[in-house]
Amino acid sequence: MDDILKKPAYKISELIKSGEISVVELVEIQLKAIEISEGKYNSYITILRDEAINKAKEVQSMLAKGEFKDSSLAGIPIAIKDNISMRNIKTTCASKTLKDYKPIFNARVIEKFESSGAIIIGKTNMDEFAMGSSSKSSYFGMTKNPRNTDYIPGGSSGGSAAAVAGNEAFISLGTDTGGSIRQPASYCGIVGLKPTYDLVSRYGLIPFASSLDALGPLARNVKDCAIALDVMTENNNKSYGKYSDFSMEDLKGIKIGVLDELTSSKGNLNPEVEENFLNSIKILEEQGAIIERFPFEMISYMTQVYFDISCAEASSNMGRYDGIRYGLSRDIEIDSMFDIAQYDGFSDDVKERILYGADILRKENYSEVFEQAMKTRTLISKEFEKAFTKYDIILNPTVQNLVPTYEEIFSKDFAGFLSTKYTAGANLAGLPAISIPSGIDSRGMPMGLQFMGRPFSEKELLNIGYIYEKSNPFWQENIITKKRYNHG
Amino acid sequence: MDKKYLTNIGIEVHAELKTKTKLLCSCSTEFGANPNSNCCPICWGLPGATSGNPWAKGSTRSGLSKTAIKYGVKIAAGLNCDIAREVQFDRKNYFYPDLPKAFQITQFFHPIGRSGHICFAFNGKNSRVQINEIHLEEDAGKLIHDANYSLVDYNRAGVPLIEIVSEPNIESSEEAIAYLEAIRDFLIYLDVSECKMEEGGFRADINISIREASSDQLGRRTELKNINSFRSIGLAIENERSRQIKILESGGEVAEETRRWDEARQETISMRTKDESKDYMYLPEPDVPIIILEESWIEEVRNSLPELRHKKIQRFTDEYGITLKDSKALTSNKAIGEFYEEALIEYKKISRGLDLATNTNIVNWIIMDLLALLNEKSMQIENAALTAQGFSQLVHMVENGAINRGIGREILNKMIAKEIDPREYIKTKNLGLIDDKSLLRERIIEIIKANPQAVEDYKSGKTKALTYLMGQTMKAMKGQANAKLVEEIIVQTLED
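About the criteria used
Here the residue numbering is sequential within each chain, running from 1 through the sequence in written order. Chain labels run from A onward and ligand labels from 1 onward, assigned in the order the entries are written. Given that this is a predicted model, residues contribute local features only at a pLDDT of at least 70 and side-chain atom pairs are listed and counted only at 80 or more, while totals for whole chains, interfaces and linings are drawn from all residues. The basis for the side-chain values is all heavy atoms of the structure; hydrogens and waters are excluded. Helix and strand labels come from DSSP, where a helix needs a run of H or I of at least four residues and a strand needs a run of E of at least two; each type is numbered from the N terminus. Only C-alpha atoms enter the radius of gyration, while the globule expectation follows 2.2 Å times N to the 0.38, with N the number of residues. Exposure is judged per residue with a 1.4 Å probe applied to protein chains only, and the accessible area is read against the type maximum: over 50% gives exposed, under 20% gives buried, and values in between give partly exposed. We call two residues in contact when some of their heavy atoms are within 4.5 Å. Only the protein chains shown count as cover for residues, and the accessible areas themselves come from Shrake-Rupley with a 1.4 Å probe. Only when DSSP finds a minimum of two bridges between them are two strands counted as paired. Only the stretch in contact is used when fitting a helix axis, every axis being a line fitted to C-alpha atoms; angles between N-to-C directions are given from 0 to 180 degrees. Between rings of Phe, Tyr and Trp, where Trp is taken as its six-membered ring, a pair exists when centres lie within 6.5 Å; planes separated by under 30 degrees are stacked, by over 60 edge-to-face, and by other angles tilted. In this scheme, the term charge over a ring applies when either NZ of a lysine or CZ of an arginine sits within 6 Å of the ring centre and within 35 degrees of the ring normal. Every patch collects residues that have over 30% relative accessible area and no salt bridge, joining them within 9 Å if they carry like charges and within 5 Å if they are nonpolar side chains (Val, Leu, Ile, Met, Phe, Trp, Tyr). Any carboxyl oxygen of Asp or Glu that lies within 4 Å of a side-chain nitrogen of Lys or Arg is treated as forming a salt bridge with it. The disulfide definition used here is simple: a pair of cysteine sulfur atoms within 2.5 Å. Using a 1.4 Å probe, buried area is obtained as the accessible area two parts lose upon being combined, added over both of them. Pairs of N or O atoms within 3.5 Å make up the polar contacts considered here, provided that, within protein, one atom can donate a hydrogen while the other can accept it, and that residues adjacent in sequence are counted only when both atoms are side-chain atoms. The arc in question is the one spanned by the directions pointing from the helix axis to the C-beta atoms. Angle categories: roughly parallel below 35 degrees, roughly antiparallel above 145, roughly perpendicular from 65 to 115, and oblique for all the rest. Crossing handedness is defined as follows: a turn of the near helix away from the far one that is anticlockwise and smaller than a right angle gives a left-handed crossing, while the clockwise case is right-handed. In the scheme used here, Gly and all other residues not listed as nonpolar or charged are polar, with Ala, Val, Leu, Ile, Met, Phe, Trp, Tyr, Cys and Pro taken as nonpolar and Asp, Glu, Lys and Arg as charged.

Undergrad: Is there a simple way to explain the overall build of chain A in this structure?
TA: Secondary structure summary: chain A contains 15 helices and 11 strands in total. Taken over C-alpha atoms, the radius of gyration comes to 21 Å for chain A, in line with the 23 Å a tight globule of 488 residues would show. Each principal axis of the C-alpha distribution contributes one length, and for chain A these read about 65 × 60 × 45 Å. Within chain A, buried positions represent 64% of all 488 residues. Residue pairs in contact within chain A that sit at least 24 positions apart in sequence constitute 75% of those at least 6 positions apart. Carbon and sulfur atoms provide 49% of the accessible area of chain A, an area that totals close to 17900 Å².

This is the structure we're talking about:
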């Protein structure tokens, strides 16, 4: 019966509709599996046992009455990152300051998932307030990579990625500010999509950096991601039909650009990552794509600009935690209330970003640092725009390095920000990007390939990803194997 | 006034715009509701409650108020400002319990209007105050302090405000009050704000500095806040001016600080100077899209500006020859001024000419009768049933002697409440002035017979007796007799 949890959501949906499996049964099995594996992975902060069972019963009877005919997610257990508001459900952002916070309203995407009949099974772990790329800063402990629990799952959507990779949910919802969906998807060996900025409503997403944040789906295959995106963009004006209807059969005529600095000889890529990348390029060429290298002048500014803008916006977003209406507080004077909520309630990772962000917004620093970052951001966007007049897709390995172990990241010489260099561009320019599993390294750990497209090109992007997925022999439905590949 | 020192005053006005909903959500802006009842996650500043996704269809709770932007452009146009073609918002970050997001959404980098001016009459001359900039922003909540605790009401948080910042070229407390009245009149005339100071809908912060008459450089300024009436503003300015002069005379330096006006002690008191050089860490607001204004739309808004009060006053005195005092009274309310001009048009349709005397009568009818009657009923001309056409017909009838003025006023009273054709009314109620000579002569003969003493008095030269006989006649005729005729006939009869 455990095999059922490894199947794609779109296959389970058919089984549910045909009555071969009941929703309640499925949810019970899923909850049981979570019980067993949570000790190892710690993907979840809150497991919604009763709510999920009740919703399962409800959805089951509605299905019997003929409802949810058009929904591919009816009865499917999904997990939600804990920075996405759910009415009366603890939404903690993995922070001490919000550890007991229960919103009085639902995020827009939650309403859409609930209308689709999906079963929300729990709220997943993350880096506190989404600030980080390892999931180590969570107040609720670290999440482990289900492929090998010595390794980090990545972040900040580490819990969402681990839940899907560990078969603890079929689909999960994450958020991506500089790569926080795609990097953990790559590290955990699953698919993660960051849609175009504001394609999906941010109403209810507790923000990290408002001009960079995006909500997106994670799943074990591309089609499940596409189905999730259909639900998340329900009611959007779409003249082109569903994202999950794949009409392209090959990549003939698709032009793909690759940054010319992406080589290990320039020190920008781990050699194993490069080898895997070149292999992926060959696969795409076999499908008909034309792949070309091109220069990207602004690439060296990516991480600094991302850091400046995200920290500045975060410092402003984080001001509201005063303990008056919600959050950590005690019955004392107002000035001290801010101290409790923030000084006591935030981790060092959060405080560092707030301090840095506030500093660069100060009058004497504004024009030299923050304003320069904004201007550079515009130049970066323009350079992408120019690139997309020549290319349909920009391709790169999702992360330059191999997934690190927890031991490695806590060591002194770990350079934490390398991992946003090839993902942050999509956030700075508001572009859609998807990470798809591309292979396994010599330690047996996953690697990912990132496809980035023009604004609002998700339909094409997902279809291209789907074709790659089908043609890559390294991709498997179940990624939890201990098999190690020897690259020859 | 101390001739040795000149005063420089700059004023920042905050006025609540009379939109139905808040700047960034659809909560009501109505005053006086139960605390925290006109609120939603957005204006409470709950985590994640952003204003709105520009791409999502069917989101009802969110979005930027179009009316607020329209009002902002209207005000900018009326104040002769350069109007920004792109509406952009910014965040002003600081901590205070009445500020739910810990930042205010305002316009710092690109205010909606820059470099404008306003003209107004002051001390018999035309004064002109330069406007540095005007911008849109959201209001904060309200704090109510008790001995051991404070309460926060977020109803006001998110209400759209216009902030109007003048250059510091106001030179006296009298001019400051005249300026404030001019701004208030202007906003009310534009129908964009009710400017109710008592409801917190109109607030003014005063920046004041003094300098020696010989110096060109502005002195150090203090900011005066929390003053709740125009009169108190005048007092506060005078008080602060004296205080600053005293400091300079004793060789000291004025400290740049914020002071509040203490009504009880009638003096300005320094507020805590802890946050004096506050750095608000401004940054562009990422959650509100930039709105691009089309030229044609701006033109439309510009063309929809009503004639402003000071221009109307000028025009009334020039065109209609009425006094300045009367012009002010007629324009105190925009609708009344418009009613007056409509009445003139209607009057000219009935009568070929409109001489100055008649014009003056019409003015008096409005100021002394109509306004008084409306006031009694606590009504506005807009909700009265009275039309300009009916009004002018009524006035014409009095001018022509068809009815008495007293009767006219009674009918006017009725016409305010109900739609009445005055000519019909007079006919059916038989209120017309009686000028049937034979009927009058009959009555008068009766009255004369009944008052022999009066006749005696008249014959011995007491003119008061004539007035008495007229009065008796009018009483007998229920006030409907043509007074002139009555006088004529009495005199005639007595001579016989």
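What follows continues from the structure just given.
Undergrad: Honestly, the sheet that holds strand 13 (residues 258–262) of chain B in this entry has me stumped. Any pointers?
TA: Strands pair in a sheet through their backbones, by hydrogen bonds, and they do so in one of two ways: parallel or antiparallel. All names here are of chain B. Read across the open sheet, the nine strands follow the order 2-6-7-10-1-11-12-13-14; overall the sheet is mixed. Looking at strand neighbours, the two that pair on one side only are strand 2 (82–83) and strand 14 (267–270), the edges of this open sheet. This element, helix 3 (residues 173–189), spans strand 1 (5–16), strand 6 (113–122), strand 7 (125–138), strand 10 (160–166) and strand 11 (202–212) of the sheet and lies at about 110° to strand 6.

Undergrad: Looking at this structure, I do not really get the sheet that holds strand 11 (residues 446–452) of chain A. What am I missing?
TA: All names here are of chain A. Across the sheet, 11 strands lie side by side as 1-3-2-4-6-5-10-11-9-7-8; this open sheet has mixed pairing. Only two strands of the sheet have a single partner each, and these edge strands are strand 1 (44–47) and strand 8 (290–294). For this sheet the average axis-to-axis angle between neighbouring strands, irrespective of direction, equals 30°. Across three bridges, the pairing between strand 5 (residues 191–194) and strand 10 (residues 433–440) is antiparallel. Bridge pairing in strand 10 links lysine 194 to alanine 433.

Undergrad: Would you mind showing me how to read the packing of aromatic side chains here?
TA: Between two aromatic rings, the relevant description is the distance of the centres plus the angle of the planes. For the structure on display, the rule yields 27 aromatic pairs over all chains. Three or more aromatic residues link up through ring pairs in this structure, and these residues are Tyr366(A), Phe370(A), Tyr94(B), Phe108(B), Phe109(B), Tyr280(B) and Tyr282(B). Seen from the ring of Tyr280(B), Lys92(B) lies directly overhead, with NZ or CZ sitting 4.4 Å from the centre. It is Arg405(B) that lies over the ring of Trp365(B); its NZ or CZ is 4.0 Å from the centre.

Undergrad: What is the right way to look at a nonpolar patch on the surface in this model?
TA: All names here are of chain B. A cluster of nonpolar side chains, contributed by Ile144, Tyr149 and Leu151, occupies part of the molecular surface with about 310 Å² of accessible area. The residue leucine 151 is located in strand 9 (residues 150–153) in this model. Taking the relative accessible area as the measure of exposure, leucine 151 reaches 47% and is therefore partly exposed.

Undergrad: What am I meant to see in the state of the cysteines here?
TA: Any covalent bond linking the sulfur atoms of two cysteines counts as a disulfide. Residues and elements named next belong to chain B. With the rule as written, the count across this model stands at zero disulfides over all chains. Among the cysteines around cysteine 39, which has no disulfide bond, cysteine 43 carries the closest sulfur, lying 4.5 Å off. Residue cysteine 39 is classed as buried on the basis of its relative accessible area of 12%. You can see cysteine 195 has no disulfide; the closest cysteine sulfur is in cysteine 81, sitting 16 Å from it.

Undergrad: What am I meant to see in the interface of chain B and chain A here?
TA: How big an interface is tends to be stated in terms of accessible area lost as the parts join. With 36 residues of chain B at the contact, the number on the chain A side is 44 residues. Between chain B and chain A lies a buried interface of about 3100 Å² when both sides are counted; carbon and sulfur atoms form 59% of it. Counting across the interface, chain B meets chain A through one salt bridge. Where Asp287(B) meets Arg202(A), a salt bridge forms, and the shortest distance between an N and an O atom there is 2.9 Å. Inspection of the region where chain B meets chain A yields 11 residue pairs in polar contact (both at pLDDT 80 or more). Elements with a contribution of two residues or more to the side of chain B that touches chain A: helix 1 (41–44), strand 4 (90–93) and strand 15 (283–284) of chain B. Ranked by residues supplied to the side of chain B that touches chain A, first place goes to helix 1 of chain B with three residues.

Undergrad: For this particular structure, what's the right way to read unusual backbone geometry?
TA: The phi torsion of most residues other than glycine is negative, and most of the peptide bonds are trans. Residues and elements named next belong to chain A. Going from glycine 155 to serine 156, the amide bond is cis rather than trans, its omega being 10°. One can find serine 156 in the loop between strand 3 (119–124) and helix 5 (158–165). Its identity as a non-glycine residue notwithstanding, phenylalanine 129 has a phi of 50°, on the positive side. In this fold, phenylalanine 129 is placed in the loop between strand 3 and helix 5.

Undergrad: Before we go on, may I ask you to explain the side chain of Ser43(A) in this structure?
TA: Residue and element names in this part refer to chain A. Locating serine 43 in the fold gives a position in the loop between helix 2 (23–41) and strand 1. Since its relative accessible area comes to 0%, serine 43 is described here as buried. Only 2.6 Å separates the side chain of serine 43 from the side chain of glutamate 168, close enough to count as a polar contact. Apart from residues lying up to four places away in sequence, serine 43 is in contact with Glu38, Thr124, Asn125, Thr143, Gly159, Ala162, Ala163 and Glu168.

Undergrad: Sorry, what's going on with the environment of Ser332(B) here?
TA: All names here are of chain B. Structurally, serine 332 can be placed in the loop between helix 7 (324–331) and helix 8 (334–350). Residues serine 332 and valine 192, 140 residues apart in the sequence, show an inter-C-alpha distance of 16 Å. A distance of 3.0 Å separates a polar atom in the side chain of serine 332 from the backbone oxygen of alanine 329.

Undergrad: What's the story with the pattern of salt bridges in this structure? I'm lost.
TA: Oppositely charged side chains can form a pair if their charged atoms are brought close together. Applying the stated criterion across every chain yields a total of 45 salt bridges over all chains. A salt bridge links Arg302(B) to Glu299(B); its shortest N-O distance comes to 3.4 Å. A residue pair is termed a helical-turn pair when its members lie 3 or 4 positions apart in one helix, as Arg302(B) and Glu299(B) do in helix 5 (residues 295–303) at three residues. Within the structure, one salt-bridge network assembled from shared partners comprises Asp198(A), Arg202(A), Arg91(B), Glu285(B) and Asp287(B).

Undergrad: Help me out: how do you make sense of helix 12 (residues 422–429) of chain B in this one?
TA: Side chains three or four residues apart in an α-helix point the same way, a direct result of the helix having 3.6 residues per turn. Residues and elements named next belong to chain B. Every buried residue of helix 12 is listed here: Pro422, Tyr425 and Ile426. Across the axial projection of helix 12, the buried residues extend over an arc of 95°, all falling on one side. Residues Lys427 and Thr428 are exposed on helix 12 and point more than 90 degrees away from its buried face. Tucked into the core, helix 12 has its buried residues touching helix 10 (388–399) and helix 11 (405–417).

Undergrad: I tried to follow helix 14 (residues 452–459) of chain B on my own but got confused; where do I start?
TA: All names here are of chain B. Listed in full, the buried residues belonging to helix 14 are Ala454, Val455 and Tyr458. Around the axis of helix 14, the buried residues are gathered within 100° of arc, so they sit on the same side. For helix 14, the exposed residues lying more than 90 degrees away from the buried face are Pro452, Gln453 and Glu456. Along its buried surface, helix 14 packs onto helix 13 (437–450), helix 15 (464–476) and helix 16 (483–495).

Undergrad: Any chance you could explain the packing of helix 2 (residues 66–78) of chain B against helix 5 of chain B here in plain terms?
TA: For any two helices packed against each other, the geometry is given by the interaxial angle and the distance between the axes. All names here are of chain B. It is at 9 Å that the axes of helix 2 and helix 5 come closest, and there the two elements cross at 65°. Relative to helix 5, the element helix 2 is oriented roughly perpendicular. Here helix 2 runs over helix 5; the crossing is right-handed. Along its contact with helix 2, which presents Ile69, Lys70, Val73, Lys74 and Ala77, the element helix 5 presents Trp297, Ile298, Val301 and Arg302. Its residues assigned to classes, the contact of helix 2 with helix 5 shows six nonpolar, no polar and three charged.

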